[in-house]
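# Summary of the model geometry
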Amino acid sequence: MVIGLTTMLEKSEALFASDHASVVSMNLFVALLCACIVLGHLLEETRWMNESITALIIGSCTGIVILLISGGKSSRILVFSEDLFFIYLLPPIIFNAGFQVKKKQFFRNFMTIMLFGAVGTLISFVIISLGAKHFFEKMNIGDLTISDYLAIGAIFSATDSVCTLQVLNQDETPLLYSLVFGEGVVNDATSVVLFNAIQRFDLTHINSAIALEFAGNFFYLFILSTALGVAAGLLSAFVIKKLYIGRHSTDREVALMMLLAYLSYMLAELFHLSSILTVFFCGIVMSHYTWHNVTDKSKVTTKHTFAALSFLAEIFIFLYVGMDALDIEKWDVVRSSPGQSIGVSSILLGLILVGRAAFVFPLSFLSNLTKSSLDEKIDWKKQVTIWWAGLMRGAVSMALAYNQFTTSGHTKVLGNAIMITSTITVVLFSTVVFGLLTKPLVKHLQPSSKRSSTTALQITTGSSFHDPLLTNNEPLLSTQGPSEYNIEQPVSFRMFWNSPSRAIHHYWRKFDNAVMRRIFGGRGVSPVVPGSPIDTSVRQWSEEVENKEQNGEP
C-alpha cells in the first residue's frame, strides 16, 4: 500500500514537472513571437529584411542560448511535428492566400500557373531525383533506396510559397506575384501528392501501367480537391445568405466561416485528397460569395482575423525552423563526416538551381507563344525574377524530410541524419540568402515607374474581394450596383478562337449572374431580404444618394 502510494506521488511530481516545463516553453515561445513582430516592424523600411528572415535569425540565436544553458544537450523548446505543421499551421496560411488573392490576376494567368506548378514541378522532381541518385551513390552516404531518391526529388521540388508572400508584393508586382504565388500553391500540392504516391506505390519495378496509374491519381486528386474546396465555399455562402446570422450575432457568422474553411481542409485530409488545393479554392469562393453576404462588421473582422492568423502561423514556422537547425542529436550523428554533409547540401542547392531553370525558361517561352499582348508576356527579366524567387525552400520541405528520414523526429542512421541536416542547411541558406537578395533583385529588374504605379493603383482601387472570378483584360467597371454584372457583349466564334479567355469570361459572367449569385449571394445581384446584410447595404447606399441629392452634389 505504501509502495503504491509512493509510486503515485512520484508520477504526480513528474507530471507536474512536465506541465511546468511546457508552460515555461510556451511562455518563452510566445515572447519570441512578440519579439519577431516588434523587430519586423522596426525593420519594415529596409529592402533586405522581412519577418521570415528575422524569425529565422531569432530562432537560431535562441537555439544557441538554449544549447549553452543545457550544456549541449538540447537547442529547442518544442519538438517538430508534421501534424502540428500540416494540421494547424499550414491551413490558415493557404486559406488566407486564397481569401486575399487578386482573383483578376490569378485567373488571367491560370494556365501559366498550372504549367509552372504542375508540369514544372514534375520536371524539377525528375532532375533532382536523377541528380541525387547519380551523385549520392558515389559519395556513399548510406543505404538509400530508389524510394528515398524519389522522395528527395519531391522534398526539394516544393518551393516555399509562405516566404514568397513576404518577398513579393502583389500590388507592386501583380503579374510576378500572381505567377510565383499561384505556382507555389499548385507546386506544394503537387509535391505532397508526389511524396504520398512514392510512399504508396511499389517503385522497385516502374512500368507504363504504374506511370499511368500515377498520372490518373494526380488528376483525380486535383479535380476532387478543387471541387471539395468550391463546395465548402458555396455551402458557407448559402447558409449565411439564407439564415442571416449576422442579424443577431456577428461572432457566429465569423466563427461559421472559419470553421467551414477548416472543415474543408480536414475533410480533404480525411479522404486523402490535396488539402492545400481544397482550402485555397475554398478561400477564393468564400471571398467571391460568402464575404458579401455578411455584415459590414463581419467583413472587417474576417479580413483581419484571417490575415492575423496567417501571419502568426508564418512567424511560428520560421521561428521554430531556426531553433531546430541546431538540434544537437542530428548533428552528433554526422559529426564524424562533416565533409559529406556539406557536399550533400551543396549538391542539393545546385540541383535546385538547375531544376528550376530547366522549366522556368522553356515553359515561359511556350507561354509567351500563346500571348498576344506584350503586357501579358513574360520577358526575360520577369523570368529571372520568377526563377530566383522560387529557389527558397521552407517548412513543407522540412516536414516531408522528417516524414521520410526520421521516426517521431529522431534518427540515428547516418544516411538519414545527413539528409535531415542537409535539408535544414538548404532551408536556412535559401531562405536567408535568396530571401535577402530577392527584394533588391526585383527592384533592379523591375524598376518602379509611373505606368506600373498606375497599374497597381487600378488593381488595388477595389478590394480583391470585389474582383470577379474571371475577368478580361479591360479595366474593371464601377463596383457600385448590379450593372457591372449585366454587360452583354456579343461573342462570336472568331472571338472565341482569338481570345478564349474573354469568351469564357463572358459566358461565366452570364451564368454567375443568372444562377450562382441568385442562389449563393454575392455583390450586386442577390435579392433584397429585410434584415439581411444586402438589405442593410442597399439602405445605406440609398441614404447616401438621397443626402447627395439634397446637398446638390453629383
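Now for a description of the structure that goes with this document. All values derive from a computational prediction rather than experimental measurement. (Residues numbered from 1 in each chain as written. Predicted model: local features only at pLDDT ≥ 70, side-chain atom pairs only at ≥ 80, totals over all residues. Heavy atoms only, no water.)

The subject of this paragraph is the overall build of the protein chain. Summing up its helical and strand segments, the protein chain has 21 helices and zero strands in all. Summed over all atoms, the accessible surface of the protein chain reaches about 26100 Å², with 66% contributed by carbon and sulfur. (Helix = DSSP H or I, 4+ residues; strand = E, 2+ residues; numbered from the N terminus. Areas by Shrake-Rupley, 256 points an atom, 1.4 Å probe, with all protein chains shown as cover.)

Right, let's get into the side chain of S124. Inspection of the secondary structure assignment puts S124 in helix 5 (residues 110-139). Beyond its immediate chain neighbours, meaning those up to four positions away, S124 contacts S157, G355 and F359. (Contact = heavy atoms within 4.5 Å.)

Taken as a whole, this structure holds four salt bridges when the rule is applied. Measuring nitrogen to oxygen at the nearest pair gives 2.9 Å for the salt bridge that ties K133 to E137. Note that K133 and E137 are positioned in helix 5 at a spacing of four residues, about one turn of the helix. Judged by its relative accessible area of 46%, E137 falls in the partly exposed class. When the shortest N-O distance is used, the salt bridge between E183 and R356 registers 2.9 Å. Here E183, found in helix 8 (residues 174-200), pairs with R356, found in helix 14 (residues 338-369); they are 173 residues apart in sequence, far enough to count as distant. As far as burial versus exposure is concerned, E183 and R356 are alike and both buried. (Salt bridge = Lys/Arg side-chain N within 4 Å of Asp/Glu carboxyl O. Buried < 20%, exposed > 50% of the residue type's maximum accessible area, 1.4 Å probe, protein only.)

A few words on the packing of aromatic side chains. One pass over the full model with this rule turns up 16 aromatic pairs. Between the aromatic rings of F106 and F110, the centroid separation amounts to 5.9 Å while the plane-to-plane angle is 65 degrees, which identifies the pairing as edge-to-face. A residue is classified by how much of its surface remains accessible, and F106, at 3% relative accessible area, is buried. Ring centres of F116 and F359 lie 6.3 Å apart, and the angle between their planes is 65 degrees; this geometry places the pair in the edge-to-face category. Of this pair, F116 sits in helix 5 while F359 sits in helix 14, and the two are 243 residues apart along the sequence. Among the aromatic residues, ring-to-ring pairing joins F106, F107, F110, F280 and F281 into one connected group. Positioned above the aromatic ring of W291, the side-chain terminus of K299 is 5.1 Å from the ring centre. (Phe/Tyr/Trp six-rings, centres within 6.5 Å; stacked < 30°, edge-to-face > 60°. Lys NZ or Arg CZ within 6 Å of the ring centre and 35° of its normal.)

It is worth spelling out helix 2 (residues 51-69) at this point. When the terminal C-alpha atoms of helix 2 are compared, their 27 Å separation across 19 residues agrees well with the 27 Å that a helix rising 1.5 Å per residue should span. Where helix 2 is concerned, the buried positions are E51, S52, I53, T54, A55, L56, I58, G59, S60, T62, G63 and I66. Positioned one or two residues after helix 2, G71 has a phi angle of 70 degrees, which is positive. (Expected span 1.5 Å × (residues − 1).)

Counting residues in each nonpolar core, the largest one holds 116 residues, and the members touching the most others are F136, I152, F156, F280 and M419. Looking at this core, the element that brings in the most residues is helix 8, giving 14 residues. Once residues within four sequence positions are removed from consideration, F156 is found in contact with I128, L348, I352, R393, M419, T423 and V426. (Core = buried A, V, L, I, M, F, W, Y, C linked by side-chain atoms within 4.5 Å.)

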